[in-house]
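Take a look at the letters that make up each chain.
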Amino acid sequence: MTTRIPATLIPGDGIGPEIVDATLAALDALGAPFEWDTQIAGLEGVKVANDPLPPATLDSIRRTRLALKGPLETPSGGGYRSSNVRLREAFQLYANLRPARTLVPGGRFDNIDLVVVRENLEGLYIGHEHYVQIDDDPHAVAMATGINTRAGCRHILDFAFRHAIATGRKKVTIVHKANIMKALTGIFKETAEQMYEQTYKGRIAMDTVIVDACAMKLVLDPWQFDVLVTTNLFGDILSDLVAGLVGGLGMAPGANIGADAAIFEAVHGSAPDIAGLGKANPTALLLAAAMMLDHVGRSDLATRLRQAIDATLNVDQVRTGDLGGRAGTRAFTQALVARLQG
Ligand code: NAI
């Protein structure tokens with residue numbers, strides 16, 4: 001009998017429960033070995049437990065060290081802090097892994113197969129910001145501090161090189177802005193070059209590119225890249241750009257990985273405009289579940305899941321509305337499950 005793997009399941013807000021149900025149906029059909037502990041967070045956490053990240057949810061992830069998470073709603077401006085950011089901090093999930101692969105051919109860019117590795121905890125996203133008042137203008141000056149540490153750079157770069165080599169990739173591109181932010185992103189480039197010389201030279205290719213040129217090149221000729229690794233802010237922007245190359249956020253999975261836990265999710269949000277209507281595309285969360293299977297050493301099941309998604313979209317031509325199709329979440333899921341059982 002297969003050993004069961006304990007994992008935390010957070011259905012999340014908006015379309016979360018719908019796409020989580022679809023994903024569970026596919027994982028069941030696949031015979032995936034997860035033993036779920038269902039927990040709440042986000043708006044659902046506030047409604048039920050008056051806390052967007054209840055202690056029981058944190059305890060569950062502390063125990064399982066593995067989670068599949070639906071999108072969590074975060075109020076803009078005021079309100080509570082993003083539960084996603086709190087989860088990253090609580091479990092020191094330093095690596096954000098965002099693969100982008102063409103699944104539906106015939107779009108603006110075909111045959112895309114890229115991975116963006118983003119540093120998740122440091123840089124300009126640490127929240128050290130303030131305003132300075134001058135005369136009667138309380139917002140006369142805005143200031144932000146970015147912090148990148150040698151240890152943080154080493155963590156993420158080592159992760160990127162190891163991941164690239166383990167998955168048979170050819171090249172790692174270091175994305176920086178060391179010509180202007182000489183210290184803040186210079187440390188990242190310098191650490192990468194040292195690490196490459198000492199540890200990875202001869203095992204994989206490496207090059208460096210300035211972030212603005214990288215954005216242009218990704219649009220003109222994305223096929224020249226393979227794995228991109230970069231600091232927090234640049235990674236946030238480039239990973240959405242790369243998701244756009246393969247048809248948008250509905251197709252983009254993400255993994256947040258740390259030394260002590262790993263949390264898998266769709267990149268998109270809770271889509272309140274279509275919540276409860278049965279229209280949501282579950283593909284991004286399904287692909288996140290495939291990454292989770294890879295993570296626990298069940299790449300056999302991950303490959304079967306990816307192949308079944310591919311066949312459902314491209315052979316059966318069953319697609320949700322965001323991809324120009326007519327299927328709802330349920331019909332898409334039924335077609336996928338039939339593929340998995342066939
Ligand atoms: P969103 O990604 O939820 O929606 C943007 C647009 O894409 C909407 O028109 C939506 O209908 C569509 N869409 C998104 N996912 C889809 C899917 N699977 N199938 C079909 N259409 C889909 O972004 P938005 O509206 O900016 O954010 C809504 C909420 O989600 C906010 O509270 C935000 O904070 C939260 N959010 C949570 C994330 C997470 O938990 N990882 C990530 C991004 C946003």
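Residues numbered from 1 in each chain as written. Predicted model: local features only at pLDDT ≥ 70, side-chain atom pairs only at ≥ 80, totals over all residues. Heavy atoms only, no water.

1. A short note on the site of the ligand
Within the structure, the ligand sits among 19 residues, and Leu72, Gly269, Ala271, Asp273 and Asn281 are positioned closest to it. Side-chain polar atom of lysine 69 to an oxygen atom of the ligand: 3.3 Å apart, as the coordinates give it. Take histidine 268: an N or O atom from its side chain is 3.2 Å from a nitrogen atom of the ligand. The fraction of the free accessible surface of the ligand (810 Å²) that becomes covered by protein chains is 66%. Across the shell around the ligand, the residue classes tally to eight nonpolar, six polar and five charged. (Near = heavy atom within 4 Å. Polar contact = N/O pair within 3.5 Å; in protein donor to acceptor, adjacent residues only side chain to side chain. Areas by Shrake-Rupley, 256 points an atom, 1.4 Å probe, with all protein chains shown as cover. Nonpolar A, V, L, I, M, F, W, Y, C, P; charged D, E, K, R; others polar.)

2. Regarding the pairing of strand 4 (residues 95-101)
Taken across its seven residues, strand 4 has five buried, putting it largely inside the fold. Taken together, the three bridges between strand 4 and strand 11 (residues 253-257) define a ladder with antiparallel strand orientation. Along strand 11, the bridge assignment pairs alanine 95 with isoleucine 257. (Buried < 20%, exposed > 50% of the residue type's maximum accessible area, 1.4 Å probe, protein only. Helix = DSSP H or I, 4+ residues; strand = E, 2+ residues; numbered from the N terminus. Pairing = 2+ DSSP bridges.)

3. Comments concerning the domain arrangement of the chain
The parts lose accessible area when they come together, and the size of an interface is often stated as this lost area. As far as domains go, the chain holds domain 1 (1-91 + 260-342) and domain 2 (104-249). Computed from C-alpha atoms alone, the centre-to-centre distance between domain 1 and domain 2 is 26 Å. A buried area of about 610 Å², summed over both sides, lies between domain 1 and domain 2, and 63% of it is on carbon and sulfur atoms. Interface area lost by domain 1 to domain 2 is led by Arg88, Val267 and Asn314, which between them contribute 58%. For the pair domain 1 and domain 2, the number of links is zero salt bridges. Our count for the contact surface shared by domain 1 and domain 2 stands at zero residue pairs in polar contact (both at pLDDT 80 or more). Elements supplying a minimum of two residues to the side of domain 1 that touches domain 2: helix 4 (83-90) and helix 10 (299-314). Of the residues belonging to the side of domain 1 that touches domain 2, the class tally is four nonpolar, two polar and three charged. (Domains from an automatic or database assignment. Buried area = accessible area lost by both parts, 1.4 Å probe. Salt bridge = Lys/Arg side-chain N within 4 Å of Asp/Glu carboxyl O.)

4. Quick word on the packing of aromatic side chains
In total, this model carries five aromatic pairs according to the counting rule given. Judged by centre distance (6.1 Å) and plane angle (50°), the rings of phenylalanine 109 and tryptophan 223 are tilted. Of the two residues, phenylalanine 109 sits in the loop between strand 4 and strand 5 (113-119) while tryptophan 223 sits in the loop between helix 7 (211-220) and strand 10 (227-230), which places them 114 residues apart along the sequence. Judged by its relative accessible area of 46%, tryptophan 223 falls in the partly exposed class. Aromatic ring contacts, followed pair by pair, group Phe161, Tyr196 and Tyr200 into a single cluster. (Phe/Tyr/Trp six-rings, centres within 6.5 Å; stacked < 30°, edge-to-face > 60°.)

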